[in-house]
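So the chains spell out like this:
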Amino acid sequence: MTTRPDVPARDPRIAEVVREHVAPLADAWERERVVPYAAARALARARLLPVRAHDAAEAMRRRLELAALLGRTGSLGTALTVLHAVSAPLAVLERLACGTARELFLEPARAGDACGAVAFPVDGARRISLRTVDGGVEMDGVVDCVAGAAGADFVLVAARFADAVDAGTGDADALVAVRTDEPGVTVDRRATVGLHTAALGPVRLERCRVDAAQVARGPRVAAALADAAADERLLLATAVIAAMDATLRRTLAFVGTRAFGPGVVLGDQQAVRHRLADLMAEHDVAAAFQAEVAAARLIGTPDHARCAMLAIVAAEAAQKVVEGCMQLSGARGFMEDDPATRIYRDLLTLPLVPSLDPATLESEVERDVFGSVDVDAPVHVSASAEGGLPRIGGDGGDAEIREPAAMLTGAGAW
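Participant: Quick question: what am I supposed to make of the environment of alanine 119 here?
Facilitator: By secondary structure assignment, the location of alanine 119 is in strand S1 (residues 116–119). In this structure alanine 119 comes out as buried when scored by relative accessible area, which is 3%. In sequence terms alanine 119 and aspartate 144 are 25 residues apart; their C-alpha atoms lie 9.0 Å from each other. Here alanine 119 is in contact with Val143, Val146, Val155, Leu156, Val157 and Ala158, once residues within four sequence places are set aside.

Participant: Which parts of the structure should I look at to understand the packing of aromatic side chains?
Facilitator: The description of an aromatic ring pair rests on the distance of the ring centres and on the angle between the ring planes. Going through the model one piece at a time under the given rule, you end up with one aromatic pair. Ring centres of phenylalanine 105 and phenylalanine 154 lie 5.2 Å apart, and the angle between their planes is 65 degrees; on these two criteria the pair is classed as edge-to-face. Of the two residues, phenylalanine 105 is situated in helix H7 (residues 100–111) and phenylalanine 154 in strand S4 (residues 154–161); the sequence distance between them amounts to 49 residues. The buried category is assigned to phenylalanine 154, whose relative accessible area is 1%. Its guanidinium or amino end placed over the ring of phenylalanine 161, arginine 217 lies 3.8 Å from that ring's centre, counting from NZ or CZ.

Participant: What's the story with the pairing of strand S7 (residues 201–211) in this structure? I'm lost.
Facilitator: On a regular strand, each side chain points to the face opposite its neighbour's, so the side chains alternate between the two faces of the sheet. Sheet analysis places strand S3 (residues 136–146) next to S7, joined by eight bridges and oriented antiparallel. Among the inter-strand pairings, valine 142 is bridged to a residue of S7, identified as arginine 204. As judged from the three bridges shared by strand S6 (residues 185–187) and S7, these two strands associate in the antiparallel manner. Paired with valine 185 across the two strands is leucine 205, which belongs to S7.

Participant: Mind showing me how you'd approach the nonpolar core here?
Facilitator: Looking at soluble globular proteins, one finds that nonpolar side chains tend to be buried together. One finds Leu66, Leu83 and Met139 to be the most contacted residues of the largest nonpolar core, which totals 103 residues. Ranked by residues supplied to this core, first place goes to helix H11 (residues 304–328) with 14 residues. Once residues lying within four places of it in the same chain are set aside, the contact partners of leucine 66 are Ile14, Val18, Leu43, Leu49, Val82, Leu83 and Val86. Counting residues in each nonpolar core, the second largest holds 24 residues, with Val92, Leu106, Ala109 and Leu225 among its members.

Participant: Looking at this structure, I do not really get the pattern of salt bridges. What am I missing?
Facilitator: With the rule as written, the count across this model stands at 23 salt bridges. Of the charged contacts in the structure, one is a salt bridge between arginine 342 and aspartate 27, with a shortest N-O distance of 2.7 Å. One end of the pair, arginine 342, is in helix H12 (residues 339–349); the other, aspartate 27, is in helix H2 (residues 26–32), with 315 residues separating them in the sequence. The residue arginine 160 makes a salt bridge to aspartate 173 at a minimum N-O spacing of 3.0 Å. Of this pair, arginine 160 sits in strand S4 while aspartate 173 sits in strand S5 (residues 173–179); the two residues are 13 residues apart in sequence, bridging distant segments of the chain. A residue is classified by how much of its surface remains accessible, and aspartate 173, at 21% relative accessible area, is partly exposed. Within the structure, one salt-bridge network assembled from shared partners comprises Arg131, Glu138, Asp140, Arg207 and Arg209.

Parameters at a glance
Residues numbered from 1 in each chain as written. Predicted model: local features only at pLDDT ≥ 70, side-chain atom pairs only at ≥ 80, totals over all residues. Heavy atoms only, no water. Helix = DSSP H or I, 4+ residues; strand = E, 2+ residues; numbered from the N terminus. Buried < 20%, exposed > 50% of the residue type's maximum accessible area, 1.4 Å probe, protein only. Contact = heavy atoms within 4.5 Å. Phe/Tyr/Trp six-rings, centres within 6.5 Å; stacked < 30°, edge-to-face > 60°. Lys NZ or Arg CZ within 6 Å of the ring centre and 35° of its normal. Pairing = 2+ DSSP bridges. Core = buried A, V, L, I, M, F, W, Y, C linked by side-chain atoms within 4.5 Å. Salt bridge = Lys/Arg side-chain N within 4 Å of Asp/Glu carboxyl O.

Structure below.
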């Protein structure tokens, strides 16, 4: 393996928190299905993850490093919960909260005194309905699956004002910050096959009333949620690739020492070496793409489509690699306490995470690939003036057909 998930620089303090507050407890958390908010609070109290706008690049660099370290603990559920708690709620509140909302939600989260979750909207799912009442708003509805909601102190819920939707005013989108102990709020937890520490479950709101100061409204809501979801996809992909990397290294160590006969080890067999080469190629392609997307993010805003592509590529590659490593490990690879088995279960459960919902990821990619093509225009195909790739288009102009590698990485990136 020639490529690791991109981590521009190492901060020993982040590694120390993971080593002291996560690694020794990860196995016990998995067995007992503990939501690891204690680790998120420890990171916040150590002031290791800035969230203010002028610290954006440094904050993302540290979160990428944290994601790689958490991925190597062997629990993607823990990685998901900690990364979500220290990233998405803080980033959204930093952009949208003011006055009372900053005091009630953002400042406690920064200090490590509270942990939050974001109920990201999923394509095709109904939003929570809002109604204006005296002094605030009233909410009804269910968000089917929220990562880390069970055990969170507050949830940021994407909603829509029913009156604005009916009137078609274009100002219907809203985000509501609501404490999980508010009257009318019920948070459940699902017993998932994997991601045992992620606390995935629905949030139910029934005639829940909150102050108007806890509501943000307008186009900036959708932009803040989209950016936070794109960053979460990048971070989770980084953790997934780190878990894949650790699994491959354990498998390499195993086949290099496992006796296959007198004076022969399993790794000397040609079929095994060819299989390992295929798995390493899957890993390196995903890691190279992650390195490019991460480098671009550190100097700019998140590219929603490329982060969605990365999430798809990383998850698919990891499933192939981890399954292959389980097979190469023989019976040991299918024991419940084997790290590869746990990671494989986690990978199978990842599509339940709202920011990794397959339909939402695919729609992000489709908007990027097809957004500039007029599907109603007459289509013709011709060679480009520069003699490069053919072009497809109609009367409104031509759009270049991109080869798969160029769609993922840009020309010549690999």
